[in-house]
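Report on the structure
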Amino acid sequence: METTASHAPPTAPGLPLVGDTFALAGDVGAFFTRQYLQLGPVFRVRALHRAFTVLAGPEANLFVTREGSKHLRSRETWMEFDNELGAARSMVSMDGAEHARMRKAQQPGYSRSFIHEHLHDVIGITRREVAEWPLDKPIPGVYALQRIITEQLGTIAAGVSPRDYLDDMIVFVRTLLAARVTHQRPALLTRTPRFRRARKRVEELYATVRAVHEPDRRSGGQSDLVDDLMALHHVDPQFLPETDLMPAVLGPFIAGLDTVGSTCAFMLYALLKHPDLLDRMTAEADASFAHGTLTAEAVRHLDVTHRVALETLRMYPIAPAIKRTVSNTFEFAGYTIPAGEKVIVATTVPHHLPQYFPDPERFDIERYTPERQEHRQPGVFVPFGAGSHVCLGAGFAEVSIAATMATIVHEVELALDPPDYILKTSPVPTPSPDDRFRFRVARRRGRAAEASSGRQD
Ligand code: HEM
């Protein structure tokens, strides 16, 4: 390839030996935004023995969308994760034509229309979980939401409730991501007894899901994601061999845990800090539940709820960056980025830039009104990633967030516990509110109030 640029991109200032290790293990979104403002859309960072070229800004997101499939690959990012599950490859680590085929096979089970068809279960699960929240006692925020979301996804996309496995699933997924994908934690963590125990339990869950999808146990009914995977495995066992089934089959138990779970937790924090928005969202939810439940049509019209969700995804993105390896040399912003280079695309940097989102630190849902539409500017709003691996469950997630949060505010009145809690984000493996984010149920409302007033105790 002929190149016109030859000099190296600038390097972000860091400490001797460790480079930017601490910055990369902390609030990476803020770190990349600062470097973008000082160094421009391409710069290098160093963490112990690893070095990366960072691409940032709307120009980077547009590049990945248009050219990413030609120049970038995912294999190395997810290889160790797959190997820990005994697999040679999975959808996230595939590229090119085989990735497209795998994605097409999994699309129906992760689609917006699939969750629309199962809305009744989504709301029922949320109501059951909320009904178990004790009155006036501190409830761990992230965990409570992870429970609801994973129960929804596991039940509707894989036909199995992960309830009894949730704690092991959390240890397993979070350790794997931190030790084998983001490398914020040492790889040795996947050799500890705690991790091994969790892995055994996850293997048990996998065996259960496989068992309930044996052809003789599936009669009638709508197929779910695992049925689609098993069908592909039977039709083309070389393309999706038994050894590669585990990450795909466990997808529904992994996909929502630190994504929708953390986003709903951030959203709840934002609502509890902005009582005016909470009131507006509650009024909207109450009106939508006027006939007892939420229809897909009603979810589509949850205007305040959707805008609170969009602003949460902008201000508190759970995936601030994506990692890739350069498969074919390219030029970006006047620099040559050579084949083999490790690249981080800091996708959500524009979320924090005032030229696209004025007063970016302000939680402002008016940004998304038809008059402003700030998120529609090209390459600036990228909570679900960009390019060929852009989140396959984005539509599913939007419905899941809206339906879950509308049900919660309709069913219970919540308060922060303690009331003066200020958000601290825990960065490992992906950003989420820290363990001190707790809330309590101040009062039951909606159906929860009717149910508890009818109880004898
Ligand atoms: C707030 C919620 C969510 C956010 C912010 C989010 C974000 C992302 C991002 C940034 C990626 C790209 C990763 C990369 O390129 O390396 C991704 C991929 C993916 N997401 Fe999500 N996600 C969310 C929820 C979900 C849900 C609920 C599902 C399933 C129902 C899902 C399924 C997937 C799948 C299967 C991929 C891999 C796609 C591929 O490799 O082609 N996500 N997600």
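Conventions used here
- Residues numbered from 1 in each chain as written.
- Predicted model: local features only at pLDDT ≥ 70, side-chain atom pairs only at ≥ 80, totals over all residues.
- Helix = DSSP H or I, 4+ residues; strand = E, 2+ residues; numbered from the N terminus.
- Buried ≥ 20, exposed ≤ 12 C-beta atoms within 10 Å, placed from the backbone.
- Contact = placed C-beta atoms within 7 Å.
- Near = placed C-beta within 6 Å.
- Nonpolar A, V, L, I, M, F, W, Y, C, P; charged D, E, K, R; others polar.
- Pairing = 2+ DSSP bridges.
- Axes fitted to C-alpha atoms, helices over the stretch in contact; angles between N-to-C directions.
- Arc of directions from axis to C-beta.
- Parallel < 35°, antiparallel > 145°, perpendicular 65-115°, else oblique.
- Left-handed = near helix turned anticlockwise from the far one by under 90°.
- Core = buried A, V, L, I, M, F, W, Y, C linked by C-beta atoms within 7 Å.
- Bend = angle between axes of the 7 residues up to and from the residue.

**Considering the overall build of the chain**
When its secondary structure is counted, the chain shows 19 helices and 12 strands. Each of the three principal axes of the chain carries a C-alpha extent, and together these read 75 × 55 × 45 Å. For the chain, buried positions account for 45% of its 457 residues. Across the chain, contacts joining residues at least 24 apart in sequence account for 73% of those joining residues at least 6 apart.

**A word on unusual backbone geometry**
Cis geometry is adopted by the peptide bond preceding proline 418, which originates at aspartate 417 and carries an omega value of 5°. Note on placement: proline 418 falls in the loop between strand S9 (412-416) and strand S10 (425-426). The omega angle of the peptide bond from valine 428 to proline 429 is -5°, so this bond is cis rather than trans. Within the secondary structure, proline 429 is located in the loop between S10 and strand S11 (432-433).

**Some details on the site of the ligand**
In the vicinity of the ligand, 23 residues are found, and the nearest of them are Thr259, Ala319, Gly385, Cys391 and Gly393. Secondary structure elements with two or more residues in the shell around the ligand: helix H14 (260-273) and helix H18 (394-411). With three residues, H18 is the single largest residue contributor to the shell around the ligand. For the shell around the ligand, the residue count by class is 15 nonpolar, seven polar and one charged.

**Points about the sheet that holds strand S1 (residues 42-47)**
Strands sit in the order S1-S2-S8-S5-S3 across an open sheet of five strands; the sheet is mixed. Only two strands of the sheet have a single neighbouring strand rather than two, namely S1 and strand S3 (72-73). Sheet topology note: the strand S5 (residues 322-326)/strand S8 (residues 342-346) ladder contains four bridges and is antiparallel. Pairing of isoleucine 322 across the sheet is with valine 345, part of S8. Packed on one face of the sheet, helix H2 (residues 28-39) meets S1, strand S2 (50-56) and S8 and runs near 70° to S2.

**Things to note about helix H4 (residues 75-84)**
Turning to H4, its buried residues number three or more, namely Thr77, Trp78, Phe81 and Asp82. The buried residues of H4 all sit within an arc of 105° when viewed along its axis, so they share a single face. On its buried side, H4 packs onto helix H9 (166-181), helix H12 (245-249) and S5. Remark: glycine 86 follows H4 within two positions and exhibits a positive phi of approximately 75°.

**Quick word on the pairing of S2**
Of all seven residues in S2, five are buried; the element is thus mostly enclosed. For S1 and S2, the ladder comprises six bridges, and the chain directions are antiparallel. Pairing of valine 42 across the sheet is with leucine 55, part of S2. Bridging between S2 and S8 involves four bridges; their strand directions are parallel. Residue pairing for S8: threonine 53 is matched across the bridge by valine 343.

**Topic: the packing of helix H15 (residues 275-288) against helix H17 (residues 303-315)**
Contact pair H15 / H17: the axes reach a minimum separation of 8 Å and the direction vectors enclose 135°. Classified by the interaxial angle, the pair formed by H15 and H17 is oblique. Only Val304, Thr305 and Val308 of H17 make contact with H15, whose side of the interface consists of Leu277, Arg280, Met281 and Glu284. Across the contact of H15 with H17, the residue classes break down as four nonpolar, one polar and two charged.

**Examining the packing of helix H7 (residues 119-131) against helix H8 (residues 141-158)**
Interaxial distance between H7 and H8 falls to 9 Å at its minimum, and their mutual angle equals 145°. Where H7 crosses over H8, the handedness of that crossing is right-handed. Contacts from Asp121, Val122, Ile125, Thr126 and Glu129 in H7 reach Arg147, Ile148, Glu151, Gln152, Thr155 and Ile156 in H8.

**Examining the sheet that holds strand S4 (residues 139-140)**
The strands that make up a sheet are held in pairs by hydrogen bonds between backbone atoms, and each pair lies either parallel or antiparallel. Pairing within the open sheet is antiparallel, and its three strands lie in the order S4-S12-S9. Among the strands making up the open sheet, the edge pair consists of S4 and S9.

**Concerning the nonpolar core**
Grouped together as the largest cluster of nonpolar side chains are 90 residues, with contacts concentrated most on Val249, Cys264, Met267 and Ala402. Here this core takes 10 residues from H18, the largest share from any one element. Discounting residues that sit within four places of it in the chain, cysteine 264 has contacts with Leu145, Ile149, Ile401, Thr404 and Met405. Within the second largest apolar cluster, 33 residues are counted, among which are Phe52, Leu72, Ala321 and Ile344.

**Focus on helix H3 (residues 58-71)**
Along its length, H3 shows its largest kink, about 55°, at threonine 65. Taken residue by residue, H3 has Ala60, Asn61, Phe63, Val64, Gly68 and His71 as its buried positions. Looking at the buried positions of H3, the neighbouring elements they touch are S2, S3, S5, strand S6 (330-332) and S8.

**Some details on the environment of alanine 415**
Within the secondary structure, alanine 415 is located in strand S9. In this structure the C-alpha to C-alpha distance between alanine 415 and arginine 438, which are 23 residues apart in sequence, comes to 8.8 Å. Dropping the residues within four chain positions of it, alanine 415 is found in contact with Leu272, Phe439, Arg440 and Ala442.

**Examining the environment of histidine 351**
Here histidine 351 is to be found in the loop between S8 and H18. C-alpha separation for the pair histidine 351 and glycine 379, spaced 28 residues apart in sequence, amounts to 9.9 Å. Ignoring anything within four residues of it in the chain, the contact list for histidine 351 reads Arg314, Pro317, Phe357 and Phe381.

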